[in-house]
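Residues per chain are reported as follows:
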Amino acid sequence: MTVWDDLVGQERVSEVLTAAARDADALVTAAAADRPPPESSKMTHAWLFTGPPGAGRNQTARAFAAALQCVSPDRALGGAPGCGFCDGCHTALIGTHADITMVAAVGAEILVKDMRDTVRKSYTSPATGRWQIILVEDAERLNEKSANAVLKAVEEPAPRTVWLLCAPSLEDVLPTIRSRCRHLNLSTPSVAAVADMLVRREGVEPQVAEAAARATQGHVDRARRLATDPAARARRAAVLKLPLRLDEVGACLKAAQELVDAAAEDAKQLAEEMDGKETEELKAALGAVQGGRLPRGTAGVIKDLEDMQKRRRTRTQRDSLDVALTDLTGFYRDVLALQLGSRVAIANADAEDALERLARAGSAEATLRRIEAIASCRDALDRNVAPLLAVEAMTMALRAG
């Protein structure tokens, strides 16, 4: 199993990255043998991966990072880097490689203080691997100061440093940064490709895999979770029942509260899994005896961790709400397809009775207004409007049509 096997429906991108990894391997080999580098190379120091949600931007960047760090002896025999089994590939894929730094937004933005150490590390030589790799998973969340810090590092990179940036689209990244990157755009995988992956890699029954892939419209991560997590299926089923409940104002407010509470519960569960472990690990690293007091001067470090965890809980709640809003958008998209007599495949076939009921009860114009109300709610959440206020406004608009 190579590192490229995790990429669903991205054969063209895999070919480009495999060729670049071969040339990168040749560059390192030539430098180690004190030979001149190849005259032409498909490898470059900065890459920008874009594509719609669920296309696998981060997975693609991580697979490329693993291929660059691959130390399989098969490379010397003409094999492509990225075997998936060697120590370089394995540690890169699970996130423990010493020369791969992952940067992800904890809150709404990636702050410059979160990038300073990363930028400094980008100017150092690899400690154990073949390349020093900086992977920024949410490049669209770089604020002005952190983006400028990245720009300086990308403009004048160290010889063995590679920047891998991931964002939804080119427009989400500063023009000065994207002009210095090689751009690869990923496409949404087909429903058939996602279903096939779920059957092969996750052992999911074909019918369940098909339903999950169709319901998520090719979003790989959400399809995997929907196919393997009963709680995720239960939450989705509850969201799809919401449009039928909005007959009174009180019902709208209650539905909004339930959506927000469900998202908060998701954030709480993640916090319980991660926060305590992170805090104990940091205390141990600072030299605190188990159950004892912290050394002097370390209270500020603990406070910084608590602030980060608070931002992460807020982000997790917003992300969970966004999943529910995506499901609602897909539901009304199916209603609109029925109203217009479209031959587009219905994504939510398990809710076909509700879809037909709403399609008969309203007009296509009203359905479009409801879809716009969901989009407005997402915009409000992006502007840090209180989640309950934003969702209440949306449910009221869904009722009005």
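Up top you'll find the structure we're talking about.
In this text, all values refer to a predicted model and were calculated from it rather than measured experimentally.

Cut-offs and rules
Residues numbered from 1 in each chain as written. Predicted model: local features only at pLDDT ≥ 70, side-chain atom pairs only at ≥ 80, totals over all residues. Heavy atoms only, no water. Buried < 20%, exposed > 50% of the residue type's maximum accessible area, 1.4 Å probe, protein only. Helix = DSSP H or I, 4+ residues; strand = E, 2+ residues; numbered from the N terminus. Pairing = 2+ DSSP bridges. Right-handed = clockwise from strand over helix to strand, strands pointing away. Patch = residues over 30% accessible without salt bridge, like charges linked within 9 Å, V, L, I, M, F, W, Y side chains within 5 Å. Areas by Shrake-Rupley, 256 points an atom, 1.4 Å probe, with all protein chains shown as cover. Salt bridge = Lys/Arg side-chain N within 4 Å of Asp/Glu carboxyl O. Lys, Arg positive; Asp, Glu negative; His and termini not counted. Charge placed at Lys NZ, Arg CZ, Asp CG, Glu CD. Phe/Tyr/Trp six-rings, centres within 6.5 Å; stacked < 30°, edge-to-face > 60°. Core = buried A, V, L, I, M, F, W, Y, C linked by side-chain atoms within 4.5 Å. Contact = heavy atoms within 4.5 Å.

S.K.: Would you mind showing me how to read the pairing of strand β4 (residues 161-167) here?
M.R.: Successive side chains on a regular strand alternate, one facing one side of the sheet and the next facing the other. With seven of seven residues buried, β4 lies mostly within the body of the structure. On β4, burial covers both faces: T161, W163, L165 and A167 on one face and V162, L164 and C166 on the other are all buried. Across five bridges, strand β1 (residues 46-50) lies against β4 in parallel orientation. Bridge pairing links A46 to W163 in β4. One ladder, built from five bridges, connects strand β3 (residues 132-136) with β4; its direction is parallel. Residue pairing for β4: Q132 is matched across the bridge by T161. The parallel pair β3 and β4 is bridged by helix α5 (residues 144-155), and the resulting crossover is right-handed.

S.K.: Before we go on, may I ask you to explain a negative patch on the surface in this structure?
M.R.: A cluster of acidic residues, D261, E265, E272 and E273, forms a negative patch at the surface. Following the sequence through the fold, E273 ends up in helix α11 (residues 249-285). We classify E273 as exposed; its relative accessible area is 59%.

S.K.: Teacher, can you tell me more about the packing of aromatic side chains here?
M.R.: Think of a pair of aromatic rings as described by two things: how far the centres are apart, and how the planes are tilted against each other in angle. What the rule picks out here adds up to two aromatic pairs. Geometrically, the ring pair formed by F331 and Y332 is edge-to-face, given 5.6 Å between the ring centres and 85 degrees between the ring planes. Judged by its relative accessible area of 0%, F331 falls in the buried class. Take Y332: its relative accessible area is 3%, and that puts it in the buried class.

S.K.: Got a minute to help me understand the pattern of salt bridges in this structure?
M.R.: Where charged atoms from two side chains of opposite charge come close, those side chains can pair. Across all of its chains, the model carries 15 salt bridges by this definition. We note a salt bridge from R130 to D25, for which the minimum N-O separation is 2.5 Å. Of this pair, R130 sits in the loop between α4 (112-122) and β3 while D25 sits in helix α1 (residues 11-32), placing them 105 residues apart in sequence. Taken individually, R130 and D25 each receive the classification buried, so the pair is uniform in this respect. Of the charged contacts in the structure, one is a salt bridge between R245 and E258, with a shortest N-O distance of 2.9 Å. Here E258 lies in helix α11 and R245 lies in the loop between α10 (230-241) and α11, a separation of 13 residues in the sequence. Judged by its relative accessible area of 29%, R245 is partly exposed.

S.K.: Explain the nonpolar core to me, please; I cannot follow it from the model alone.
M.R.: Burial of nonpolar side chains together is a common tendency in soluble globular proteins. Within the largest apolar cluster, 35 residues are counted, with the highest numbers of intra-cluster contacts made by W47, F49, F64 and L164. Those residues in contact with W47, other than ones at most four positions away along the chain, are V16, L17, A20, K42, F64, V162, W163, L164, L165, C181, R182 and L184. If you look at the next biggest cluster of nonpolar residues, it comprises 30 residues, including A256, L321, L355 and I374.

In short, shape yes, function no, at least from these values alone.
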